[in-house]
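# An overview of the molecular structure
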Amino acid sequence: MSYPGESSVDARVRAVEDDCRRRLSRLFVMFATVEAVVLVVLVAAVFVLELVDPEIGVWFIVAAAVVGASILSVLLMKHMRDRTTAVAQARGENPLF
């Protein structure tokens with residue numbers, strides 16, 4: 001959708017930003033789904049099925065949460081870098097900075 005007085009560059013930038021927003025939303029949903037499944041399986045293995053001693057199993061759950069947070073941080077940094085490059089290309093700037 002274009003707006004009155006909007007140049008083609010502004011329209012390209014808006015399209016790139018909309019695409020980045022959609023991809024970020026999809027990333028969050030997919031990551032949350034996978035992380036929830038992993039944590040539910042670990043909680044069930046530790047507390048319901050008692051496959052692991054709960055004192056040790058808690059550390060498995062914490063480790064899974066820390067690994068998940070680290071992966072999410074890396075994915076968000078990659079997304080921000082990709083978005084910056086895409087917006088620069090849409091504006092016609094040199095994407096190599």
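Above this note sits the structure.
First, a word on scope: everything that follows refers to the structure included in this document. (Residues numbered from 1 in each chain as written. Predicted model: local features only at pLDDT ≥ 70, side-chain atom pairs only at ≥ 80, totals over all residues. Heavy atoms only, no water.)

Scanning the protein from N- to C-terminus turns up two helices and zero strands. Residues classed as buried in the protein amount to 16% of the 97 residues present. Of the roughly 7,200 Å² that the protein leaves accessible, carbon and sulfur atoms contribute 68%. (Helix = DSSP H or I, 4+ residues; strand = E, 2+ residues; numbered from the N terminus. Buried < 20%, exposed > 50% of the residue type's maximum accessible area, 1.4 Å probe, protein only. Areas by Shrake-Rupley, 256 points an atom, 1.4 Å probe, with all protein chains shown as cover.)

Moving on, we come to the side chain of His 79. You can see His 79 is positioned in helix 2 (residues 54-91). For His 79, a relative accessible area of 10% translates into the label buried.

Turning to the nonpolar core, a few remarks are in order. Counting five residues, the largest nonpolar core is built from Val 13, Val 16, Cys 20, Val 87 and Ala 90. Secondary structure elements with two or more residues in this core: helix 1 (8-48) and helix 2. With three residues, the single largest contributor to this core is helix 1. Contact partners of Val 13, with chain neighbours within four places excluded, come to Val 87, Ala 90 and Arg 91. (Core = buried A, V, L, I, M, F, W, Y, C linked by side-chain atoms within 4.5 Å. Contact = heavy atoms within 4.5 Å.)

The next subject is the pattern of salt bridges. Applying the stated criterion to the full structure yields five salt bridges. Measuring nitrogen to oxygen at the nearest pair gives 2.3 Å for the salt bridge that ties Arg 21 to Asp 18. Note that Arg 21 and Asp 18 are positioned in helix 1 at a spacing of three residues, about one turn of the helix. Between Arg 23 and Asp 19 there is a salt bridge, and its shortest N-O distance comes to 3.4 Å. With a gap of four residues between them, Arg 23 and Asp 19 both fall in helix 1, about one helical turn apart. Asp 19 sits in the partly exposed class, given a relative accessible area of 31%. In this structure, a network of salt bridges that share partners links the residues Asp 19, Arg 22 and Arg 23. (Salt bridge = Lys/Arg side-chain N within 4 Å of Asp/Glu carboxyl O.)

With 41 residues, helix 1 should cover 60 Å at 1.5 Å per step; its first-to-last C-alpha distance of 58 Å lies within 8% of that length. Looking only at helix 1, the buried set comprises Val 13, Val 16, Cys 20, Phe 31, Glu 35, Ala 45 and Val 46. Next to the buried residues of helix 1 lie helix 2. Taken from the residues just after helix 1, Glu 50 is the one with a positive phi, measuring 55 degrees. (Expected span 1.5 Å × (residues − 1).)

Okay, a nonpolar patch on the surface next. Together, Val 43, Phe 47, Val 48, Leu 49, Leu 51, Val 58, Trp 59, Val 62 and Val 66 give the surface a local cluster of nonpolar side chains, amounting to about 900 Å² of exposed area. Per-element tally for the nonpolar patch: the top contributor is helix 2, with four residues. Looking at the element boundaries, Trp 59 is found in helix 2. (Patch = residues over 30% accessible without salt bridge, like charges linked within 9 Å, V, L, I, M, F, W, Y side chains within 5 Å.)

Turning next to helix 2. For helix 2, built from 38 residues, the straight-helix expectation of 56 Å at 1.5 Å per residue is met to within 8% by its first-to-last C-alpha distance of 55 Å. Restricting attention to buried positions, one finds in helix 2 the residues Gly 57, Ile 61, Ala 64, Gly 68, His 79, Val 87, Ala 88 and Ala 90. Directly after helix 2, the chain includes Gly 92, whose backbone phi takes a positive value near 85 degrees.

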